[in-house]
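What follows is the residue order along each chain.
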Amino acid sequence: MQGLPESTMQPADVCIVGAGAAGIVLAVELVRQGKRVLMLEGGGPGIEDASQEPYRSEITGLPHNGVHIGRFRAKGGTTTRWGGQILELDDADFTAREWVPGSGWPFPKQELAPYYARAIALEGLARATLSDEAVWRELNLQSPFFTELEPFFSRWCPEPDFSRLHRNLLENSSQVDLWLHANAIALVREGPKILGVKTRTLSGIETIFRADRFVFALGGIESCRFFLQPEEAEKPWNRSGLLGRHFQDHIIAPAATLEPLNAATFHNIFDNIFHRGFKYQPKLRLSPSVQAQQRTLNVAAMILYKGDTEAIAGQLKITARKLLGGKWRQASSSELFALLRHSPLLARQIYRYSVKHRAYVAPRSRIELGVHTEQDPLSRSSITLSETRDSLGMLRTRLDWHVSNNEIDSIRAFVKVAQRSLSSIARVVPDPDLDSYDRFRLKCGDNYHHMGGMRVSSSPSDGVVDLNLRLHGMENGYVCSAAVYPNSGFSNPTHTLLALAVRLADHLSPI
Ligand SMILES: Cc1cc2nc3c(=O)[nH]c(=O)nc-3n(C[C@H](O)[C@H](O)[C@H](O)COP(=O)(O)OP(=O)(O)OC[C@H]3O[C@@H](n4cnc5c(N)ncnc54)[C@H](O)[C@@H]3O)c2cc1C
């Protein structure tokens, strides 16, 4: 699209900036409640190099992959490439833990319970089995029990790309007006009231869009960057000075290897499950009582199978999924060739999937305990602005990401507990670098989960948005992004974000 012709729709009730996970779910709910919605999306219909350019950032702390390869600027946002793994935060994540400074949300988890339930349907998981106990029962398997670790499942969206899942709304609803290549670059405001959002295309065409209320659903890092821009000299939302501070990701690290004592028992417990069209991934979390006793952050782990055959099998699965999902154009000729060349392996995968309802695991794979860990809620990581400007004229992100000794101590505690708790099914051998902060820190990766920087709080003095996600000091501007999380547990963040989006829709559409 070259320019932005005038909108033909009636003035919108709500303008949503960003058509990614949160923006799309919010739009679905608002339309259901009879609202007229204007959506402004910076990217195009698919991923384009030129649209990704504004995401190029300066990195000053530890290497952080996700700032460059973990977010996508296109219709559907990062759901065009994400895994689609769904998990609630724990009860304890919402409570202040006296041994974790800055922890707790300003409301309990019960506040989100009805919205989590509605988010499940919007993720395409309404017919999935939602009780872990029932999943084991339906498979005729005993649910596992460990003394200090709690087994649980994450669930995976069957259609992860929200631009496809909610295509009908985005393309056919008369209540939605979606503009692509409409990059928000500034607010037009009169004191605490936002009158409009100024957008710019990559070719430089500027337009101002007006609405009654504005929701910024730009992704975790980009939400902070947008509200940090210096053109807004006075920033009522940042009286706390916390904008961009305490950025958090989930650390992912191979903390130990596992040697099963009995292969069949081990694979029954830990191999991914495919049941009635849905995928369930078995995981382990540190029990809340152990966290309190050992004063750790919240840590969980999954079982990772590594090896050459495992890598090929993983790639075949991705290609097969593209073909089955009708995304055959995304499959390269080398991927298609690999599918033919490794057809016996593919056949074994299909057998295990369709007959045994479990993931295929290559014999002799190395088995790793991959931990994913909460970061300190008052982390010293931050999002600030670089001195260079992007192709839209905005100052770029400067990301300073750190992994603290406290976070590594929590991983160490998890591995010690796993050695005891799993002793009846596997020998757990800690990673040799785990006893050195410096060496293990280099093995800690980020997980493309961008949280914090715009903390939700009841008072403007200790956060950036209020309990309804409205920017402190503003009348009609809201942020719907994981940037608002005060602390982040270990759970994949998007399910909670979507629950917040549904809750925000109810707030914007009171009955
Ligand atoms: C490979 C990968 C796997 C992942 N797997 C999981 C997983 O399994 N489970 C999970 O919970 N999370 C996962 N994530 C993270 C997940 O994708 C994000 O948490 C989620 O997409 C965040 O939703 P969002 O709406 O905040 O941001 P996005 O989905 O990124 O959407 C933001 C939208 O805003 C638009 N935008 C940005 N700036 C502007 C602007 N100035 N003007 C107009 N539009 C703008 C963008 O183009 C984009 O469409 C994964 C991420 C990656 C990369």
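Residues numbered from 1 in each chain as written. Predicted model: local features only at pLDDT ≥ 70, side-chain atom pairs only at ≥ 80, totals over all residues. Heavy atoms only, no water.

Visitor: Help me out: how do you make sense of the overall build of the protein chain in this one?
Guide: Helices and strands together make up the secondary structure of the protein chain, namely 16 helices and 18 strands. Here the protein chain has a C-alpha radius of gyration of 23 Å; the compact-globule value for 511 residues is 24 Å, and the two agree. With the C-alpha coordinates aligned to their principal axes, the bounding extent of the protein chain is approximately 65 × 50 × 45 Å. By residue count, 59% of the 511 residues in the protein chain fall in the buried class. A fraction of 74% describes how many contacts in the protein chain between residues 6 or more apart in sequence connect residues 24 or more apart. Here the protein chain displays about 21,300 Å² of accessible surface, and carbon together with sulfur accounts for 52% of that area. Mean positive and mean negative side-chain charge positions of the protein chain (58 and 54 charges, respectively) differ by 4 Å. (Helix = DSSP H or I, 4+ residues; strand = E, 2+ residues; numbered from the N terminus. Rg over C-alpha atoms; globule rule 2.2 N^0.38 Å. Buried < 20%, exposed > 50% of the residue type's maximum accessible area, 1.4 Å probe, protein only. Contact = heavy atoms within 4.5 Å. Areas by Shrake-Rupley, 256 points an atom, 1.4 Å probe, with all protein chains shown as cover. Lys, Arg positive; Asp, Glu negative; His and termini not counted. Charge placed at Lys NZ, Arg CZ, Asp CG, Glu CD.)

Visitor: Looking at this structure, I do not really get the pattern of salt bridges. What am I missing?
Guide: Pairing between side chains becomes possible if they bear opposite charge and their charged atoms approach one another. Counting across every chain of the model gives 41 salt bridges. A salt bridge links Arg 295 to Glu 98, with the shortest nitrogen-to-oxygen separation between them at 3.5 Å. A residue pair is termed long-range when its members are at least 10 positions apart, and Arg 295 in the loop between helix H10 (288-294) and strand S13 (299-306) and Glu 98 in the loop between strand S4 (85-86) and helix H4 (113-122) qualify at 197 residues. When its relative accessible area of 64% is taken as the criterion, Glu 98 is described as exposed. We note a salt bridge from Arg 389 to Glu 231, for which the minimum N-O separation is 3.4 Å. With a gap of 158 residues between them, Arg 389 in strand S15 (residues 382-389) and Glu 231 in the loop between helix H8 (220-228) and strand S10 (251-260) connect regions that are remote in the sequence. The exposed category is assigned to Glu 231, whose relative accessible area is 54%. (Salt bridge = Lys/Arg side-chain N within 4 Å of Asp/Glu carboxyl O.)

Visitor: Explain the site of the ligand to me, please; I cannot follow it from the model alone.
Guide: With respect to spatial proximity, 34 residues lie near the ligand, and among them Glu 41, Thr 78, Gln 85, Ala 184 and Thr 494 are the closest. One of the backbone nitrogen or oxygen atoms of Gly 83 is found 3.0 Å away from a nitrogen atom of the ligand. Its free accessible area being 990 Å², the ligand has 92% of it covered by the protein chains. Of the residues in the shell around the ligand, the class split is 16 nonpolar, 14 polar and four charged. (Near = heavy atom within 4 Å. Polar contact = N/O pair within 3.5 Å; in protein donor to acceptor, adjacent residues only side chain to side chain. Nonpolar A, V, L, I, M, F, W, Y, C, P; charged D, E, K, R; others polar.)

Visitor: What's the story with H8 in this structure? I'm lost.
Guide: Residues spaced three or four apart along an α-helix point in a common direction, a consequence of the helix completing one turn every 3.6 residues. Of all nine residues making up H8, nine are buried, and the element is well covered by its neighbours. Three or more residues of H8 are buried, namely Gly 220, Ile 221, Glu 222, Ser 223, Cys 224, Arg 225, Phe 226, Phe 227 and Leu 228. Looking at the buried side of H8, the elements it contacts are helix H3 (66-69), strand S7 (183-190), strand S9 (206-216), S15, strand S16 (395-400) and strand S18 (477-479).

Visitor: It is not clear to me how the UniProt feature "domain: FAD-binding" (unreviewed entry) in the protein chain should be interpreted in this structure. Could you clarify?
Guide: With numbering matched to this structure, UniProt assigns "domain: FAD-binding" (unreviewed entry) to residues 12-41. The span residues 12-41 is 40% helix and 33% strand, and its two end C-alpha atoms sit 15 Å from each other. (UniProt positions renumbered as here; feature names shortened; annotations may be inferred.)

Visitor: Any chance you could explain the packing of helix H1 (residues 21-32) against helix H16 (residues 494-508) here in plain terms?
Guide: When two helices pack together, their arrangement is given by the angle between their axes and by how far apart the axes lie. Here H1 crosses H16 at 35°, and the two axes come no closer than 9 Å. In the crossing of H1 with H16, the sense of the turn from one axis to the other is right-handed. Of the residues in H16, those in contact with Ala 21, Ala 22, Val 25, Leu 26, Glu 29 and Leu 30 of H1 are Thr 494, Leu 497, Leu 498, Ala 501, Val 502, Leu 504, Ala 505 and Leu 508. For the contact of H1 with H16, the per-class residue count stands at twelve nonpolar, one polar and one charged. (Axes fitted to C-alpha atoms, helices over the stretch in contact; angles between N-to-C directions. Left-handed = near helix turned anticlockwise from the far one by under 90°.)

Visitor: How should I be thinking about the packing of aromatic side chains in this particular structure?
Guide: Any aromatic ring pair is given by two values, namely how distant the centres are and how the planes are angled relative to each other. Counted according to the given criterion, the structure contains 14 aromatic pairs. Ring geometry for Trp 82 and Phe 162: centres 5.7 Å apart, planes at 85°, overall edge-to-face. Note that Trp 82 is positioned in the loop between H3 and S4 and Phe 162 in helix H6 (residues 162-165), a separation of 80 residues in sequence. No difference in accessibility class separates Trp 82 from Phe 162, as the two residues are buried. Measuring from centroid to centroid gives 5.0 Å for Trp 136 and Phe 153, while their planes differ by 35°, and the two rings are tilted. With a gap of 17 residues between them, Trp 136 in helix H5 (residues 132-138) and Phe 153 in strand S5 (residues 149-156) connect regions that are remote in the sequence. When sorted by exposure, Trp 136 lands in the same class as Phe 153, which is buried. (Phe/Tyr/Trp six-rings, centres within 6.5 Å; stacked < 30°, edge-to-face > 60°.)

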